[in-house]
Amino acid sequence: MLTIIGCGNLNRNDDAVGVIIAQRLQQYLAQNPHPNIRVFDCGTAGMEVMFQARGSEKLIILDASCTGSEPGAIFKVPGKELEALPEPSYNLHDFRWDHALAAGRKIFADDFPQQVTVYLIEAANLDLGLELSPVVQHSADLVFAELITIFSQNVMA
């Protein structure tokens, strides 16, 4: 089973890119079903990422980044490079998807995906708003196309 999870905030322009790609993939799968692929929009709910990923063999996370790189840059990173246990806290709002990767692996052990890939797209605009910047929209289209290719490979596998 391949699980794809889009993360981000729909009210912060380019921060929404992971969610928008996930929603497009859900529409694609509604018309082109793949029994071994699931797609979730987890928004900003890091804890949900951990639970939705459980039971999958492969996991792909989609999100925006803000590293100072060229806007629209696409980073494809092994999940192991990004996972991090959260600091002890009583505030679950601080529990992000990178925490979900580490915690899910620790809590669910073999029932958590061993193969994790994270696609990050460098944001140009994180202000309040509902539109992706043109450069981030272009990168989102490229990632969407790459994932559709992965879908077709998954059907063959």
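On a predicted model such as this, the values are computed, not experimentally measured, just so you know. (Residues numbered from 1 in each chain as written. Predicted model: local features only at pLDDT ≥ 70, side-chain atom pairs only at ≥ 80, totals over all residues. Heavy atoms only, no water.)

## Observations concerning the environment of Ala 16
Of note, Ala 16 is situated in the loop between strand S1 (2-7) and helix H1 (17-31). Along the chain, Ala 16 and Thr 3 lie 13 residues apart, while their C-alpha atoms are 19 Å from each other. Dropping the residues within four chain positions of it, Ala 16 is found in contact with Asn 9, Leu 10 and Leu 132. (Helix = DSSP H or I, 4+ residues; strand = E, 2+ residues; numbered from the N terminus. Contact = heavy atoms within 4.5 Å.)

## Some details on the packing of aromatic side chains
Summed over the entire model, instances satisfying the criterion amount to 4 aromatic pairs. Plain terms: the ring middles of Tyr 28 and Phe 144 are 6.4 Å apart, the flat faces sit at 85° to each other, and that makes the pair edge-to-face. Taken together, the residues Tyr 28 in helix H1 and Phe 144 in helix H4 (residues 134-156) connect sequence positions 116 residues apart. An angle of 45° between the planes, with centres 5.9 Å apart, marks the rings of Tyr 28 and Phe 151 as tilted. Of this pair, Tyr 28 sits in helix H1 while Phe 151 is found in helix H4, placing the two residues 123 residues apart along the sequence. (Phe/Tyr/Trp six-rings, centres within 6.5 Å; stacked < 30°, edge-to-face > 60°.)

## Structural notes on the nonpolar core
Counting residues in hydrophobic clusters, the biggest one holds 22 residues, and the most contacted among them are Ile 21, Leu 25 and Leu 62. Going through the elements one at a time, S1, H1, strand S2 (37-43), strand S3 (58-65), strand S5 (115-122) and H4 are the ones with two or more residues in this core. The biggest single contributor to this core is H4, with 7 residues. Aside from chain neighbours lying at most four places away, what touches Leu 62 is Ile 4, Ile 5, Gly 6, Cys 7, Gly 18, Ile 21, Ala 22, Leu 25, Tyr 119, Val 143 and Leu 147. Counting residues in each nonpolar core, the second largest holds 19 residues, with Ile 5, Cys 7, Trp 97 and Ala 103 among its members. (Core = buried A, V, L, I, M, F, W, Y, C linked by side-chain atoms within 4.5 Å. Buried < 20%, exposed > 50% of the residue type's maximum accessible area, 1.4 Å probe, protein only.)

## Remarks on the side chain of Ser 65
When you line up the elements, Ser 65 lands in strand S3. When its relative accessible area of 8% is taken as the criterion, Ser 65 is described as buried. Polar side-chain contacts of Ser 65 include one of 2.8 Å to the side chain of Glu 122. (Polar contact = N/O pair within 3.5 Å; in protein donor to acceptor, adjacent residues only side chain to side chain.)

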